[in-house]
Amino acid sequence: MQKISTILNVVLLLAVAVLYYLHFSAGKRSTKKSSYTKAIPDSITAKKQVVAYVELDSLYTQVAFIKARRSEIESDQRSITANYEKAYMDLENQKNNFLKKGNAITQQEAQAFQEQLMQKQQDIEANKQANGQKLAEKGAKAMDDMQNKLKEFLNEYNSDKRYTYILATGTGLDYIFYKDSALDITPEIVKGLNEKIKVDGKP
C-alpha cells in the first residue's frame, strides 16, 4: 500500500511539473508574439491615410495664369493658321495674274513660273512646320511651368501633411472609378493659386 502511495505521489509531482512548465513557457511565447505583432501597426499602419483630389479641367478654366497661358498658345495657333492660309491665297493670286497673260506666255516662262510656284509652296509648308514646332515647344514649356507651379503650391498647401495623397482627375485622366465630392479640394486650390500667382505667371 505504501508503495502504491509513493508511486501516486511521484506521478502527481511529475504532472504538476509538466503543468508548471507548460504554463510559463506558453506565457513567454505569447509575450514574445504579442510584442512582435505590435511593432507592425506602429511602424506601418499607425498613420491614417487621407486622400483628396483636384479637377484639372476646373484649374484650366478658373485659374488666371493657366487661362492666360492657354489663351496665348491658342492665339499663336490662330496666327500660324492665318499666315498659312494668307500665304496660299497670295500664291493663288500670283498664279491667276500670271495666267491672265494668256497666249502671250511662252513655254519657257510657264516652266520658270511653275518652278517658282513649287518652291514658294515648299517654303510655305516648311515655314508652317517650323512655326508649329516652335509652338509645340512653347506649349510643352508652358505645361511644365504650370505643373511645377501647381506642385509647388500643393507642397505648400499640404505642408501640414493633412493629406497622404492628392490625386489629379480630368478629361483623359479620369482613372478614379468613384469620387466622393467631400474629398474635392479644387475650389481651395483655384482660390489659392489665383491669390498666390499673378496673371503673368510670376509669383
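The structure presented is a predicted model; accordingly, all values stated were derived computationally and were not measured.

In terms of burial, strand β1 (residues 51-55) is a largely internal element, four of the five residues being buried. Where β1 lies against strand β2 (residues 165-169), five bridges are found, and the strand directions are parallel. Note that in β2 the partner of Ala 52 across the bridge is Ile 166.

Turning next to the packing of helix α3 (residues 64-99) against helix α4 (residues 107-157). Between α3 and α4, whose axes approach to 10 Å, the crossing angle comes to 180°. By the angle class used here, α3 and α4 are roughly antiparallel. Class assignment of the residues belonging to the contact of α3 with α4 gives a composition of 16 nonpolar, six polar and eleven charged.

Below, the discussion takes up the packing of aromatic side chains. Summed over all chains, the structure comprises three aromatic pairs. Between Phe 98 and Phe 113 the ring centres are 4.1 Å apart and the planes differ by 5°, which places this aromatic pair in the stacked class. Of the two residues, Phe 98 is situated in helix α3 and Phe 113 in helix α4; the sequence distance between them amounts to 15 residues. For the pair shown, Phe 98 and Phe 113 are each scored as buried. Taken together, a centroid distance of 6.2 Å and an interplanar angle of 25° make the contact between Phe 153 and Tyr 157 stacked. With Phe 153 and Tyr 157 both in helix α4 and four residues apart, the pair spans about one turn of that helix. Phe 153 gets classed as buried once you look at its relative accessible area, which sits at 7%.

Here we take up the environment of Asp 145. The topology assignment puts Asp 145 in helix α4. Once the C-alpha coordinates of Asp 145 and Ile 66 are considered, the two residues, 79 residues apart in sequence, prove to be 9.6 Å apart.

This part covers the confidence of the model for the chain. Per-residue pLDDT for the chain averages 78, and the proportion of residues at 70 or more is 72%. Below pLDDT 50 for its whole length, residues 1-24 participates in zero contacts with residues either more than four positions away or in separate chains. Here residues 26-45 is a poorly scored stretch, pLDDT under 50, and it has two contacts once near neighbours within four places are set aside; other chains count.

Two elements in contact, α4 and helix α5 (residues 186-196), have axes whose closest approach is 11 Å; the angle formed by their N-to-C orientations is 110°. When the axis of α4 is compared with that of α5, the two are roughly perpendicular. Packed against α4, whose contacting residues are Lys 149, Leu 150, Phe 153, Leu 154, Glu 156 and Tyr 157, the element α5 presents Glu 188, Ile 189, Gly 192, Leu 193 and Lys 196 at the interface. Class assignment for the residues of the contact of α4 with α5 results in six nonpolar, one polar and four charged.

Here the focus is a nonpolar patch on the surface. On the surface, Val 51, Tyr 165 and Leu 167 cluster together to form a nonpolar patch covering roughly 250 Å² of accessible area. A relative accessible area of 48% means that Tyr 165 is categorised as partly exposed.

What follows is about unusual backbone geometry. Most peptide bonds are trans, and most residues other than glycine sit at a negative phi. Even without being glycine, Lys 161 reaches a positive phi, approximately 60°. Lys 161 gets classed as exposed once you look at its relative accessible area, which sits at 60%.

By the definition in use, this model includes seven salt bridges. Put simply, Arg 70 and Glu 74 hold a salt bridge, and the shortest N to O gap is 3.9 Å. One end of the pair is Arg 70 and the other is Glu 74, both in helix α3 and four residues apart, which spans about a single turn. Residue classification places Glu 74 among the partly exposed residues on the basis of a relative accessible area of 38%. The salt bridge partner of Glu 156 is Lys 196, with a shortest N-O separation of 3.4 Å. Of the two residues, Glu 156 sits in helix α4 while Lys 196 sits in helix α5, which places them 40 residues apart along the sequence. Salt bridges sharing partners connect three or more residues here, namely Glu 72, Asp 76 and Lys 138.

About the thresholds
- Residues numbered from 1 in each chain as written.
- Predicted model: local features only at pLDDT ≥ 70, side-chain atom pairs only at ≥ 80, totals over all residues.
- Heavy atoms only, no water.
- Buried < 20%, exposed > 50% of the residue type's maximum accessible area, 1.4 Å probe, protein only.
- Helix = DSSP H or I, 4+ residues; strand = E, 2+ residues; numbered from the N terminus.
- Pairing = 2+ DSSP bridges.
- Axes fitted to C-alpha atoms, helices over the stretch in contact; angles between N-to-C directions.
- Parallel < 35°, antiparallel > 145°, perpendicular 65-115°, else oblique.
- Nonpolar A, V, L, I, M, F, W, Y, C, P; charged D, E, K, R; others polar.
- Phe/Tyr/Trp six-rings, centres within 6.5 Å; stacked < 30°, edge-to-face > 60°.
- pLDDT = per-residue confidence, 0-100.
- Contact = heavy atoms within 4.5 Å.
- Patch = residues over 30% accessible without salt bridge, like charges linked within 9 Å, V, L, I, M, F, W, Y side chains within 5 Å.
- Areas by Shrake-Rupley, 256 points an atom, 1.4 Å probe, with all protein chains shown as cover.
- Salt bridge = Lys/Arg side-chain N within 4 Å of Asp/Glu carboxyl O.

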